[in-house]
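Secondary and tertiary structure notes
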Amino acid sequence: MTTYATLEDIENCMNNGWTDGLPVIPPYGSLVDEMLEAMGWQALDVVGEMASQNIVVRAEKAAATAVMAGCKPEYGVLLRALTQGLLDPRLNLSGVEVTTGGAAILVIVSGPVVEQLGFEHTTNALGANCRANATVGRFAQMMRYFCGRGGGVLQSHGTIGHPGRISFCIAEHPETQWGAYHTQFGLPESASAVTLMSTEGPNSCNNHYGVTGAQILDTIGDCLCHFGQTAWYYRSGGFVVVIPPDHMALVAKDFNRAQASDYIYENARRQTDLLAQVGRIASPPIEFAEVQPGELRSPLKNREQITFIECGAEGGRFSAVIPRWVGSTHTVCKQII
Amino acid sequence: MTSRSENRAGVNPPARQLTSCGDVSCELLVDPIPRPTPDPISVTLKPRLARVTFLDHHKPNSKTIMTYAQRILIERGIEVSQEILIKDDASNRMPEAMLQSFAGEGGLVLCGISD
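Quantities reported herein were computed from a predicted structural model and do not represent experimental measurements.

What to know about the overall build of chain A
Helices and strands together make up the secondary structure of chain A, namely 12 helices and 12 strands. Taken over C-alpha atoms, the radius of gyration comes to 21 Å for chain A, in line with the 20 Å a tight globule of 337 residues would show. Overall, the C-alpha framework of chain A stretches about 65 × 45 × 35 Å when taken along its three principal axes. For chain A, the share of sequence-separated contacts (at least 6 apart) that also reach a separation of at least 24 residues comes to 81%.

A look at the overall build of chain B
A tally of helices and strands in chain B yields 2 helices and 5 strands. In sequence order, chain B lays out its α and β elements as β-β-β-α-β-α-β. Counting over 115 residues, chain B shows a buried share of 13%. Put simply, 68% of the contacts in chain B that link residues at least 6 apart link residues at least 24 apart.

Comments concerning the interface of chain A and chain B
At the junction of the two partners, chain A supplies 33 residues and chain B supplies 23 residues. Looking at the side of chain A that touches chain B, the elements with two or more residues in it are α1 (3-15), α2 (29-39), β2 (55-58), α3 (59-69) and α7 (131-148) of chain A. When residues in the side of chain A that touches chain B are grouped by element, the largest group, 5 residues, is from α3 of chain A. Residues of the side of chain A that touches chain B, tallied by class, amount to 15 nonpolar, 15 polar and 3 charged.

Thoughts on the sheet that holds strand β10 (residues 306-310) of chain A
Residue and element names in this part refer to chain A. Reading across from one edge, β6-β11-β7-β10 is the order of the 4 strands in this open sheet, with mixed pairing throughout. The outermost strands of the open sheet, each flanked by one partner alone, are β6 (203-206) and β10. Strand-to-strand twist across the sheet, computed as the mean angle between neighbouring axes with direction ignored, equals 25°. In this structure, strand β7 (residues 239-243) lies alongside β10, joined through 5 bridges in parallel fashion. For V242, the partnering residue across the bridge sits in β10 and is I309. The sheet contacts of helix α8 (residues 213-224) involve β6, β7 and β11 (318-323), and relative to β11 the element is tilted by about 30°.

Topic: the pairing of β10 of chain A
Looking along a regular strand, one sees the side chains alternate between the two faces of the sheet. Counting buried positions along β10 of chain A yields 5 of 5 residues, so the element is predominantly enclosed. Because side chains alternate across β10 of chain A, one face comprises the buried residues I306, F308 and E310 of chain A, and the other comprises T307 and I309 of chain A, equally buried.

Some remarks on helix α4 (residues 76-86) of chain A
The element α4 of chain A is largely enclosed, with a buried count of 8 among its 11 residues. Those residues of α4 of chain A that fall on the buried side of the exposure criterion are L78, L79, R80, A81, L82, T83, G85 and L86 of chain A.

Considering the nonpolar core
Residue and element names in this part refer to chain A. Counting 107 residues, the largest nonpolar core has A63, L78, V107 and V194 as its most contacted members. Among the elements that make up this core, the one with the highest residue count is α7 (9 residues). Filtering out sequence-adjacent residues up to four positions away, V194 remains in contact with L78, A81, L82, G85, V107, I108, V109, K334 and I336.

Focus on unusual backbone geometry
All names here are of chain A. S283 connects to P284 through a cis peptide bond whose omega is -5°. Checked against the element boundaries, P284 lands in the loop between α12 (272-277) and β9 (296-297). Positive phi, close to 50°, is recorded for N124, a residue that is not glycine. Tracing the backbone shows N124 in the loop between α6 (113-116) and α7.

So, the packing of α3 of chain A against α7 of chain A
Residue and element names in this part refer to chain A. Axis separation between α3 and α7 bottoms out at 9 Å; the angle between their running directions is 130°. Taken together, α3 and α7 sit at an angle that is classed as oblique. Read as a crossing pair, α3 and α7 show a hand that is right-handed. When α3 is examined against α7, the residues A62, T65, A66, M68 and A69 are found in contact with a partner set consisting of T135, R138, F139, M142, M143 and F146. Of the residues in the contact of α3 with α7, the class split is 8 nonpolar, 2 polar and 1 charged.

Brief notes about the environment of P245 of chain A
Residues and elements named next belong to chain A. Looking at the element boundaries, P245 is found in helix α10 (residues 245-254). Among the residues examined, P245 registers 18 C-beta atoms within 10 Å and is labelled partly exposed. Put simply, P245 and F318 are 73 residues apart on the chain and 9.2 Å apart in space, counted from C-alpha to C-alpha. In this view, P245 contacts G312 and E314; residues no more than four positions away in its chain are not counted.

Describing the sheet that holds strand β3 (residues 104-110) of chain A
Residues and elements named next belong to chain A. The 4 strands are arranged β4-β3-β5-β12 in an open sheet whose pairing can be described as mixed. The sheet is open, and its two edges are formed by β4 (169-171) and β12 (332-335), each paired on a single side. Shown here is a sheet whose adjacent strand axes are inclined to one another by a mean of 20°, direction ignored. Where α4 meets the sheet, its contacts fall on β3, β5 (193-199) and β12, and the angle it forms with β5 comes to roughly 35°. Along the sheet, α7 makes contact with β3 and β4, crossing β3 at roughly 140°.

Quick look at the environment of M94 of chain B
Residues and elements named next belong to chain B. One can find M94 in the loop between β4 (79-86) and α2 (96-103). Classification of M94 as partly exposed rests on a count of 17 C-beta atoms within 10 Å. In this structure the C-alpha to C-alpha distance between M94 and H57, which are 37 residues apart in sequence, comes to 9.4 Å.

Section: α7 of chain A
Residue and element names in this part refer to chain A. In a regular helix each residue adds 1.5 Å, so 18 residues correspond to 26 Å; α7 covers 24 Å between its end C-alpha atoms and thus fits that length. The element α7 is largely enclosed, with a buried count of 16 among its 18 residues. Residue G150 follows α7 closely and has a positive phi angle near 60°.

Focus on the environment of S190 of chain A
Along the chain, S190 of chain A falls in the loop between β4 and β5. C-alpha of S190 of chain A to C-alpha of F146 of chain A: the two residues are 44 residues apart in sequence and 33 Å apart in space.

Rules used in this analysis
- Residues numbered from 1 in each chain as written.
- Chains lettered and ligands numbered in written order.
- Predicted model: local features only at pLDDT ≥ 70, side-chain atom pairs only at ≥ 80, totals over all residues.
- Helix = DSSP H or I, 4+ residues; strand = E, 2+ residues; numbered from the N terminus.
- Rg over C-alpha atoms; globule rule 2.2 N^0.38 Å.
- Contact = placed C-beta atoms within 7 Å.
- Buried ≥ 20, exposed ≤ 12 C-beta atoms within 10 Å, placed from the backbone.
- Nonpolar A, V, L, I, M, F, W, Y, C, P; charged D, E, K, R; others polar.
- Pairing = 2+ DSSP bridges.
- Axes fitted to C-alpha atoms, helices over the stretch in contact; angles between N-to-C directions.
- Core = buried A, V, L, I, M, F, W, Y, C linked by C-beta atoms within 7 Å.
- Parallel < 35°, antiparallel > 145°, perpendicular 65-115°, else oblique.
- Left-handed = near helix turned anticlockwise from the far one by under 90°.
- Expected span 1.5 Å × (residues − 1).

The structure is reproduced here in structure tokens:
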């Protein structure tokens, strides 16, 4: 029996900074080797760089992190694409890690891989008690934490953060009304993909008595427009709109995806002067914020800043809005091959 | 007023190496944290000037060896500084001003030998 030795190793990891705050699977070499093979890499393969920190990330680091997060080796192909996405400089991993905005990495899994690997895409889709969602999401946050801090050189400065910094992975329904999530980034419908972006926590949008798609989109649009919405000053991030089946049944009767984007872009607006009055617009305005006094202001710079994901359970009339973090404007979408 | 625990993760840099000593054998755990690589160091093998400066660091016999080397170099016609500079303590790095002074020397700096 090695039970007590294993517990001791877990404590040793926890006490020496090899943790996201939760107990980890100790990254024994034999487990890491198995994960490396599943990811299709050799230990010393360079899988990315954190150029500003003079850091080269080798495959064994990602594989060790996957083991620690509790991922199964059968997730290896997905984790390979996810690792490449996480280390894509456009995601600005160090920025996500250290910002006062307290952002997390949102992982969206879409396509046939959702069912192949057993991701939960219905009940509690944004916080599923399911190993695939929980550990893949945790892997992404651990990579953010381990790589983004420059090997312990940088510190996190999130003012309040949000629970997604532990794990934040959403899987889409395999069958959708408007097409797979990744088709919004140019991948074919039949593909499997992981899509990454930095976000704040989700805002719930409740509407149980609306009977038209417009009423549901107005409710969602209003959620984009509260005073506290980070997007008001720069409009550089955008939003992910989560639509579960009951709301989708109403919306899809009247709108396709492009029409829904247009509707929200045109109608979800707030008076600029009122935003300035409560301090949500800088005075004088920042030039690139494109402030037009007296006009209605959208929290979106353009229609492309809003994307839709279809997930969640039937039987409740809730949607959700996930605001993007304003400091990394890019979404990284990787096909799982 | 509250104080932060000095041991919590995120305050101290994470450990670089951990081992497991289970019932079967000792196994190295794979460090998951990538570390910064220092900028490359450039080394000049041939000094720009044929001059030697000595730096002692208070190790036993160091001063004796340096004085001996100084005498031999002078006999061979090599320009050497007469004064043997002294670093206060072998266990501490030299002061920044002294380091900068040596960096601008252009000649060879012979340091005391550690035992």
